[in-house]
Amino acid sequence: MTEQIVDALNGLIATELVAVNQYFVHAKLCEHWGFERLAAHFREDSMDEMRDIEAYMDRVLLLGGLPNLQRLDAFQVGETVVEAIELGISLETRAVEQLRAAVRVADDAGDVGTFELLAPKVPEEEAQLDWLTTQQGVIQQLGEALYLSQQLGD
């Protein structure tokens, strides 16, 4: 069972690596375009994902496994803010499903430590997904130009 848990954690690491890169490039693009508020949010998302990777790596090592950072899945870059948000929704939807599956694997294996590490991450990822879908809804309601005008800075 430990091998299944390590595989699940390494799968989460791979997804989080995609998220780190995707959110970071979107942060830099938003910064370049002048959307400072959105850039700050994407940058913080990228850093949050990096902290998740570290926690998953620590758990893999504790279980006697080897964290796999060589699996670098492709990621997409949005050429507009709307695309960046849509790509974030797609990524977070996949991450939530993958995380829920990993929680079930840990629970089925009776691995309380991994379960306790992963279970609180589910609402965190769901909140990130909710924020993105809310932004998408606001854009639909206000229009892209008005939404973006509010992302220029404080």
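Use the structure listed above.
Cut-off values and rules
- Residues numbered from 1 in each chain as written.
- Predicted model: local features only at pLDDT ≥ 70, side-chain atom pairs only at ≥ 80, totals over all residues.
- Heavy atoms only, no water.
- Helix = DSSP H or I, 4+ residues; strand = E, 2+ residues; numbered from the N terminus.
- Rg over C-alpha atoms; globule rule 2.2 N^0.38 Å.
- Buried < 20%, exposed > 50% of the residue type's maximum accessible area, 1.4 Å probe, protein only.
- Contact = heavy atoms within 4.5 Å.
- Areas by Shrake-Rupley, 256 points an atom, 1.4 Å probe, with all protein chains shown as cover.
- Lys, Arg positive; Asp, Glu negative; His and termini not counted.
- Charge placed at Lys NZ, Arg CZ, Asp CG, Glu CD.
- Phe/Tyr/Trp six-rings, centres within 6.5 Å; stacked < 30°, edge-to-face > 60°.

Colleague: Please explain the overall build of the protein chain as it appears in this structure.
Modeller: The helix and strand inventory of the protein chain stands at six helices and zero strands. When the elements of the protein chain are put in sequence order from the N terminus, they spell out α-α-α-α-α-α. Taking 15 Å as the expected radius of gyration for a compact globule of 154 residues, we find that the protein chain reaches 17 Å, a close match to that expectation. Taken over the C-alpha atoms alone, the protein chain extends approximately 50 × 25 × 25 Å along its principal axes. Counting across all 154 residues of the protein chain, residues that qualify as buried make up 42%. Within the protein chain, contacts between residues at least 6 apart in sequence are counted, and of these 78% link residues at least 24 apart. Accessible area of the protein chain: about 8100 Å², with a carbon and sulfur share of 53%. Taken as two groups, the 10 positive and 28 negative side-chain charges of the protein chain have centres that lie 2 Å from each other.

Colleague: Would you mind showing me how to read the packing of aromatic side chains here?
Modeller: When we look at a pair of aromatic rings, we describe it by the centre distance and by the angle of the planes. Tallying each qualifying case throughout the model produces two aromatic pairs. Relative to Phe-42, the ring of Tyr-23 has its centre 5.9 Å away and its plane inclined at 20°; by these criteria the two rings are stacked. Placement of Tyr-23 in helix H1 (residues 2-33) and of Phe-42 in helix H2 (residues 36-62) is noted, with a sequence separation of 19 residues between them. When sorted by exposure, Tyr-23 lands in the same class as Phe-42, which is buried. Since its relative accessible area comes to 0%, Phe-42 is described here as buried. Grouping aromatic residues by their ring pairs yields a cluster made of Tyr-23, Phe-42 and Trp-131.

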